Every structure is written in structure tokens, then in C-alpha cells.
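So you can see what is in the structure, the chains are spelled out below.
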Amino acid sequence: MKLADRALAAQVEAVRADVVSWRRHLHAHPELSYQEHETSRFVRELLAGFGGLDISSPTPTSVVAELVGGIPGGCLALRADMDALPITEESGSEFASQNHGVMHACGHDGHTAMLLGVARALTGLRSQLPGRVRLVFQHAEELAPGGAQELVAQGVMDGVDAVIGAHLDSLLEVGRLGLVAGPMMASSDEFAITVRGVGGHAAEPEHTVDSVAIAAEVVTNLQYVVARNTDPQQPLVVAVSKLQAGTAENVTPGTAELAGTVRTFSDGVRAAVPGLMERVVRGITQAHGASYDFEFKYGSAAVVNDPVTTERVRAALRRTFGADGVVDFQPTMGAEDFSAYQERAPSTYFMVGAGNPERGIIHPHHHARFSIDESALSTGVQALLSATFALLPQLGPDRPA
Amino acid sequence: MPRLAVDAGPEVEGVLADVVAWRRHLHAHPELSYQEHETSRFVREQLAAFGGLQVSAPTPTSVVAELVGSRPGPRLALRADMDALPITEENGFEFASQNRGVMHACGHDGHTAMLLGVARVLARLRARLPGQVRFIFQHAEELAPGGAQELVAQGVMEGVDAVVGAHLDSMLEVGQIGVRSGAVNASSDEFWLTITGVGGHAAHPESTVDCVAIGAQVVVNLQHLVARNVDPREALVLSVTQFNSGTAENVTPGVAELVGTVRAFNQELRQRAPELMERIIGGVTSAHGASHRLDYRRGYAPVVNDPGITELVARAVRRELGAAGVVEVQPTMGAEDFSAYLQHAPGTFFRVGGSNPGLGISHPHHHAEFTVDETALGVGVRAFVAASLELLGERHLDRANEG
């Protein structure tokens, strides 16, 4: 393995400068979810230039490239996401967004650049590659229903034996990698509730059914779903993040609109929540003579890492980066549509530290001043390559599971 | 017997067709509060044509006309409001609103037309009248802070011994005049409440202070003010009419904005309401680590009719219309800035029935199909004239004389 690591390190060094310049180009030209036209063209052109890759576009703004190694084996998928956010950049960097109001504020520019670096490195190591690698450049991670499930429906996971993804993390120190077996990121579902009362003059409550007061009772009573109705050992968030009602001081509005998000790691809790919520909404509105509409939209499932795959990757990363370089990642209630791939193959998703407080790189993801320490990019490339060479020999029909 | 032996009947009969025509003209040309430019010009021109009236404009869109009788006596103020509402009319009348999106949906066109009619009748009887009558054509009744307090500040109530106003009522049968002593309209105060929490990702409640959930608790707990904190015999309304917070499903907002109204008949209770609200809001927000700012704005005071003036007016109208023409009405939690005049002189505010279910005239005020049975206008003019003659004949009302 020492020899392989040295060969990988050389490949990483060879692509280091290019990965940084690709990331800066992408950072300056961010595109919103489902609109990654220039981004996907840029990715396709670079991949074509590497040679030896079978390139396709399963959807208008996604790219998939497949590399068949010199040694027969299983199939590993590596995934990067490419979309940016509707945020106006305030970083002041020389490669800041040239697309006003759109910003790579979550690091997807880095994810794409890293996977491009991995692709080029792998083409250079092709003869030593024991199996096939499918590089998935995904569109629309930030916007429901998300690009992952669309790509899965297009068959990008067909024949895949394992899948890996990585996310830059500005709150994790650069040089470190964060892994966790089991639940890592929460499911993310959305709900919309309309409370239908009877509008009228605010001076005559006896002639109205007050949608504002009843909506307030609904919000208050929904807290019971978390506090009293579900297993206290299963993390759950039910957040009403919008409540809109009324137009004038002296008119009681007939309807109130509520919307929010539900997050959990547990499939059982996730399945039970809509029914528990609707029971509360139905009971409260009925108690006060109102009616309701309840809409629950399932979004991405929880990211749950396969323990076996995770431990294999952890072991490989420890060899490459040392024991201090690999830390336990605390699960977060944030969401990722990487879960769509996980439903099709064993997998792990890990974090690549990109924070550097000494250089002022401390802003959280989705912040207008979000940034990364760019040395994280080669760490990420090296980690993905290490994981690839650790996992591939274990995959395929004839390999130990 | 009326103390003034003046027969106004022929003059009243003579003005009724004009009153209807004036009302239709005004109905077709409604203007919003503080924008009653054409309306006030129309009123000024009519008043000037009647003769014998001193006409002035205390504010850009209000009109006051003063009639001085032939001998000393009480000084009486009569008030009509002139503004329309931001409502798109859905009536198919040939005199429907020609100003799209603006409508006389509360009957102020009728109030103005009736008071014009009363002014012409009394102007023609001037030689036989004691005292003085001040006709107040007020702007902006519908929009806080209201025209009444502005006119009072301009001195329109100086020297006034009694004030009378009326409101058409599409829920009261046409032909009837509704009277009541004591409170008839509630006070109307407004509040703006800002609850400030800490915004953040909706997936991380531990890093946020959720102003939506806390705002909901505030709304819920404010109900205690009406249900548990005040004398159950005193009417009180606290309505939260707006709740605005949040922009996205996955972002917990940092601020919730709540707006509402408080109504009461009892001034003492009205004074205590903001303090009680502050206690509840302060307690609930601090319990959950949020902060708040309550902006409580006093609006119209309750309309409280003077028992003596109300009885005099009821007696005169009963004599004019017959006993069946006067009914006692219930107070409403709706508000009226007529209360601003009542702070300066005793008076009464009566209702003029305008409903006629047989003709399909039954829509409530502020409805896009609101209207009144126009025969109500004649009843209103008769009631106003009878009330005026009654009060002008009451020498004891003349405070200047007593002094």
C-alpha cells in the first residue's frame, strides 16, 4: 500500500494547481439548481480532454463519466454536486461571483473541482485500477425534489456496487476528515397547512372564526409531536418556518398559511410524523370551528452510512492522513440528497475540513461570506482516491462483501 | 309639545328629491379619506347656494357651515362624514362608482346628502330659529387618526353646547331611527408587535430562537386577557389580525410581525389594555429567550351618548315619526371618530335604518354590494330637523347664557 499511496500522492500533486483554478472558475460562474448549463458544459469539456472516459448527460445539466480500469472488478460511483445558491456574495475575493445574486456558498464548486481532479488522476492510474469508477456530476442538490433521485431514475446507480460522496465543511478544520457510521444527515420533508376560518370585522369576533388565533394554537400544539408523541431517543425537528395571515388592522383574515420542515434520522418516525401532525391540525381546527388543508411533501431521506463501507474508508484515510487526520463527525439535522444513491448501494458520505480560523475562514455554509481554505481541495482529492483504491478491490460479484 | 312652534314639514318635503340626487352624485364620485377634494368642493358649492350660511374649510377637504339664528339660544353642531372606502363596487346602479376601486360602501354619501338637506331646511327657517347651528362636513372618518380630532383641534367645537351625528345602518329596518344612551361604539386602538428571536437553519432549532413558535404562544396567551384578566361584564375585543413571518420552508425567521386591534366601551379598561398585553407578551417572550417591541397606538375613543341629549332627541324623533319609528339599538364593537366631538360637548349619535330585505338591501357595511333604501334619507333628514328644533328650543343647554 505504501507504493500505491506514493503513486496517488504524485497524481494529487500533479492536479493540485488545476483543481484550484477549476474551482475558482466555477466559483466565479455559479448557476442555480437545474440551470447548471455552463457548469455542466465546462465539466464535460474537461472530462473529454482527459481521455479514456465514457461521458454522458442523463439530464440536461448533469454529467456522468465512466472509467474502466485495467484490472477487472466491481463498480464504484463517486458523486459531486454542482449547483449554487440564490445568495449575493460578500466575500470580496478576486474570483467572486460574476453572476449577481447567485453564489457558490456551500462549496459545490470545490466538490466539482475535486471530482474533476479525481477523474484526471484516475485516468493516469487506469492500468492499476481494479474495476470501474462512475463519476457522477449531479445537478440540483439544493432544491427539492433534488437531482439525485432524478439521476437514480435515469439509471446512474445501475450496476453500482458502492457509492461515495464528500462535502467540504467550513466548520471543520482544514486537513481533517470527518466520518460517521450510521445516521449522518437527517431526512428533509416539507409541509404546508392552510387554516380556514371565517373572515370578518375584527371588532366582531362572534361573527368570525379567527384563523390567526387558531393557526397560533396549531403551531403551539404541533410542539407535542416532538415533545410528547415520539420516541425521545430519536432526534426530530418539526419547524413551522412560515406563518402568513392578514392584510389590515381591523379585518380578521379568513385563512392563515403555515409552512415548514420536518427532519429526522429515523424511517419509523418519518413515516409517523404526517399522521401525528394531521391529528393535531384536525383536532385544533375542529375544536374552534375551522377547517384545514394539510399537505406533506416527502423530500430527501436521511443520509445513513453503511458501517462496513465507512470503516473501510476510515481505515484507508487513517493510513493516508494519520489517526489525527480522521475525526468522528457528529450527525447533523441538515439534509443531503445523497441519500437517494444510498438506497441503491452500500455507501459512505464524509466531510472534508475546509475551515481555517487563523485566516478568517469561519463562516458557515449558505453565508454570504462563506469560503474555504483551498488546501482542502487536494486533501479531498487524495481522500477520494484513497477510498477508491481501498474499496474497489472489495467490490464486484466475486469479492468479499 | 315642541318648545319651538316651527313647522319644518314643507321645507323638508321640498328638499327630499334633491337629497336623493345629491347622494347619487356623491355615490358615483367617491373619494378616499383625506382626498375628498371634489366632494368638499361640491358640498361648499351647495351650501353657498342655500344662502345665509358662513362657509369655511378648516382643513383642505372638510367644510363647516355656520347658521346664526334670529335670537340667542343654544349652539348646536351637526356632523356628517364624507369619505369613501378602497372597495370595488359590485352594484349595477346607473349611479355606481365611477372611481374604480373606491366606493361609498359605508353610507357616508347618504350622511353628507342628509346633512346638506338639513342645512337647506334650517337655513330657510333661520328667521324663526334661536341659537346657532354649525354643520360639520368631516373628512376621513375611515382612516386613523381620523378627521374628527383634526377638526376639533381646528376649533370646530368651540362654543358648542350639544353635538348630534347619525349613521345609516343597513342592518336596521328602513323607517326606524335607532337610539341609545351610554356607549354605542367601542374604542379602536391598534397595536404593532415585533417579536425578535434568532433566525437560522430550520434543521438546527438549538441554534435559533423560534419567533414563529413564540409568536404563536403570544397569540394564544393574549386570549387570557379577554377570557381571564378582565371584568366579564365589560366588553373587550383583542384581535390579532396579521401574523407575518418567514420566507422559506427550511429557514427559521428571526422576526415575526403581529398586528391587531383592541376594542372596548369602558375607558378605564381601554387604558389598562396595553399594560396587560405588555405583561403577557413580556412573560411569554422572555420565557423562550426572545425579545419584543409593542407599539400601541390609541385610535378612536368609545362613542358614549349623553343620556339627557339622547332622551331629548328620542322624544323629538318619536313625535316626528311616531312611537314605532324609534327603537333602542345595541352597542357595536365597531368604532366611530364621532367620539372626538363628544369629548368637548354632550351629544348623541343615532342610527338611521336603511335595510329593506324585500328589495334585497341587506348587505353589511363595507361590503362591495352595500347600499341603503333611499327612503331612509328622508327619514334621516326629518329626524335631524326634529332633533335640531328640539335642542335649539332647550334654553338650559345654552351654556354661554348660563355663564
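Residues numbered from 1 in each chain as written. Chains lettered and ligands numbered in written order. Predicted model: local features only at pLDDT ≥ 70, side-chain atom pairs only at ≥ 80, totals over all residues.

(A) Representation of the overall build of chain B within the structure. When helices and strands are counted, chain B shows 10 helices and 16 strands. Relative to the globule expectation of 22 Å for 403 residues, the C-alpha radius of gyration of chain B, 24 Å, shows essentially globular dimensions. For the C-alpha atoms alone, the extent of chain B along its principal axes is close to 80 × 50 × 40 Å. Expressed as a percentage of its 403 residues, the buried residues of chain B come to 54%. In chain B, 80% of the contacts between residues at least 6 apart in sequence involve partners at least 24 apart. (Helix = DSSP H or I, 4+ residues; strand = E, 2+ residues; numbered from the N terminus. Rg over C-alpha atoms; globule rule 2.2 N^0.38 Å. Buried ≥ 20, exposed ≤ 12 C-beta atoms within 10 Å, placed from the backbone. Contact = placed C-beta atoms within 7 Å.)

(B) Region of interest: unusual backbone geometry. The peptide bond linking Ala144 of chain A to Pro145 of chain A adopts the cis configuration, its omega dihedral lying at 0°. Residue placement: Pro145 of chain A occurs in the loop between β4 (130-138) and α4 (147-153). The omega torsion across Ala144 of chain B and Pro145 of chain B is 5°, close enough to zero to call that bond cis. One non-glycine residue, His366 of chain A, lies in positive phi territory at about 75°. Relative to the helices and strands, His366 of chain A is located in the loop between β16 (347-355) and α9 (375-391). Given 16 C-beta atoms within a 10 Å radius, His366 of chain A is considered partly exposed. Positive phi values are uncommon outside glycine, yet Ala140 of chain B reaches one of about 50°. Summarising the element assignment, Ala140 of chain B is placed in the loop between β4 (130-138) and α4 (147-153). Accessibility expressed as a C-beta count within 10 Å gives 25 for Ala140 of chain B, which makes it buried.

(C) Expanded view of the nonpolar core. The biggest cluster of nonpolar side chains holds 154 residues, and the ones touching the most others in it are Ala215, Val218 and Val219 of chain A. In contact with Val219 of chain A, not counting residues within four places along its chain, are Val240, Leu243 and Leu258 of chain A together with Val212, Ala213 and Ala216 of chain B. Membership of the second largest hydrophobic core comes to 78 residues, among which are Met114, Phe135, Val160 and Leu391 of chain B. (Core = buried A, V, L, I, M, F, W, Y, C linked by C-beta atoms within 7 Å.)

(D) Up close: helix α5 (residues 211-228) of chain B. Between its terminal C-alpha atoms α5 of chain B stretches 25 Å, which fits the 26 Å expected from 18 residues at 1.5 Å a residue. Of the positions making up α5 of chain B, those classed as buried are Cys211, Val212, Ala213, Ile214, Gly215, Ala216, Gln217, Val218, Val219 and Leu222 of chain B. On its buried side, α5 of chain B packs onto α5 (211-227) and β10 (236-245) of chain A together with β8 (188-196), β10 (236-245), β12 (255-264) and α6 (267-287) of chain B. (Expected span 1.5 Å × (residues − 1).)

(E) Structural context of the interface of chain B and chain A. Between chain B and chain A, the residue contacts involve 37 residues of the former and 40 residues of the latter. At the level of elements, α5, β10, β11 (251-252) and β12 of chain B are the ones that each hand at least two residues to the side of chain B that touches chain A. With eight residues, the top contributor of residues to the side of chain B that touches chain A is β10 of chain B. The class makeup of the residues in the side of chain B that touches chain A is 18 nonpolar, 16 polar and three charged. Inspection of the sheet shows β10 of chain A paired to β10 of chain B by three bridges, in the antiparallel sense. For Ala245 of chain A, the partnering residue across the bridge sits in β10 of chain B and is Phe243 of chain B. (Nonpolar A, V, L, I, M, F, W, Y, C, P; charged D, E, K, R; others polar. Pairing = 2+ DSSP bridges.)

(F) Local environment of the environment of Thr252 of chain B. One can find Thr252 of chain B in strand β11. Between the alpha carbons of Thr252 of chain B and Gly199 of chain B there is a distance of 5.2 Å; along the sequence they are 53 residues apart. In contact with Thr252 of chain B, other than residues within four places in its own chain, are Ala239 and Ser241 of chain A together with Gly199, Gly200, Ala202, Thr208 and Asp210 of chain B.

(G) Summary view of the domain arrangement of chain B. Residue and element names in this part refer to chain B. Here chain B is described as being made up of domain 1 (9-184 + 303-402) and domain 2 (188-300). In this structure, domain 1 and domain 2 have C-alpha centres spaced 38 Å apart. Taken together, the nine residues of domain 1 in the interface contact eight residues of domain 2. In terms of residue class, the side of domain 1 that touches domain 2 is built from five nonpolar, two polar and two charged. (Domains from an automatic or database assignment.)

(H) Fine view of the domain arrangement of chain A. Residue and element names in this part refer to chain A. Partitioning chain A into domains gives domain 1 (2-185 + 302-394) and domain 2 (187-300). One C-alpha centre belongs to domain 1, the other to domain 2, and the line joining them spans 38 Å. Per-class residue counts for the side of domain 1 that touches domain 2 are eight nonpolar, two polar and two charged.

(I) Up close: the packing of helix α7 (residues 307-321) of chain B against helix α9 (residues 375-392) of chain B. Residue and element names in this part refer to chain B. α9 packs onto α7 with a crossing angle of 125° between their chain directions and a minimal axis gap of 8 Å. Between α7 and α9, the angle falls in the class oblique. Along this stretch, α7 crosses α9, giving a crossing that reads as right-handed. Contacts between α7 and α9 involve Leu312, Val313, Arg315, Ala316, Val317, Arg319, Glu320 and Leu321 from the former and Val379, Arg382, Ala383, Ala386, Ala387, Leu389, Glu390 and Leu391 from the latter. Looking at the contact of α7 with α9 residue by residue, the classes come out as 11 nonpolar, no polar and five charged. (Axes fitted to C-alpha atoms, helices over the stretch in contact; angles between N-to-C directions. Parallel < 35°, antiparallel > 145°, perpendicular 65-115°, else oblique. Left-handed = near helix turned anticlockwise from the far one by under 90°.)

(J) Highlighting the sheet that holds strand β3 (residues 71-81) of chain B. Residues and elements named next belong to chain B. Taken in spatial order, the eight strands of this open sheet run β1-β2-β4-β3-β5-β16-β6-β15, and their pairing is mixed. The open sheet terminates on both sides in strands that have one partner only, identified here as β1 (54-56) and β15 (326-328). Looking at each pair of strands side by side, their axes are set apart by 25° on average, direction ignored. As paired elements, β3 and β4 share eight bridges and run parallel to each other. Across the sheet, residue Ala77 finds its bridge partner in β4, namely Arg134.

(K) Structural view of the packing of helix α1 (residues 9-28) of chain B against α9 of chain B. Residues and elements named next belong to chain B. Two numbers describe how α1 lies on α9: the axes approach to 9 Å, and their chain directions differ by 125°. Our classification of the angle between α1 and α9 gives oblique. Both α1 and α9 take part in a crossing whose hand is right-handed. Seen from α1, the contacting residues are Val12, Val15, Leu16, Val19, Val20 and Arg23; seen from α9, they are Leu377, Gly378, Val381, Arg382 and Val385. Taken together, the residues of the contact of α1 with α9 sort by class into eight nonpolar, one polar and two charged.

(L) Layout of the sheet that holds β10 of chain B. One open sheet accounts for eight strands, arranged β13(A)-β8(A)-β12(A)-β10(A)-β10(B)-β12(B)-β8(B)-β13(B); its pairing is antiparallel. Here the strands that pair on one side only, and so sit at the sheet edges, are β13 (291-300) of chain A together with β13 (291-300) of chain B. Across the sheet, the mean angle separating the axes of adjacent strands is 25° when strand polarity is ignored. Pairing analysis gives eight bridges linking β8 of chain B to β12 of chain B, with the strands arranged antiparallel. Each bridged residue has a counterpart across the sheet, and for Thr196 of chain B the counterpart in β12 of chain B is Val255 of chain B. Along the sheet, helix α6 (residues 267-287) of chain A makes contact with β8 (187-196), β10, β12 (255-264) and β13 of chain A, crossing β13 of chain A at roughly 165°. Contacting β8, β10, β12 and β13 of chain B, α6 of chain B runs over the sheet at an angle of about 165° to β13 of chain B.

(M) Main features of the pairing of strand β3 (residues 71-81) of chain A. Residues and elements named next belong to chain A. Of all 11 residues that make up β3, nine are buried, and the element is covered over most of its length. Pairing between β3 and β4: eight bridges, direction parallel. Paired with Arg79 across the strands is Val136, a residue of β4. The handedness of the β3 to β4 crossover, carried by helix α3 (residues 108-124), is right-handed. In this structure, β3 lies alongside strand β5 (residues 162-173), joined through four bridges in parallel fashion. Residue pairing across strands places Ala77 opposite Val163, the latter belonging to β5. (Right-handed = clockwise from strand over helix to strand, strands pointing away.)

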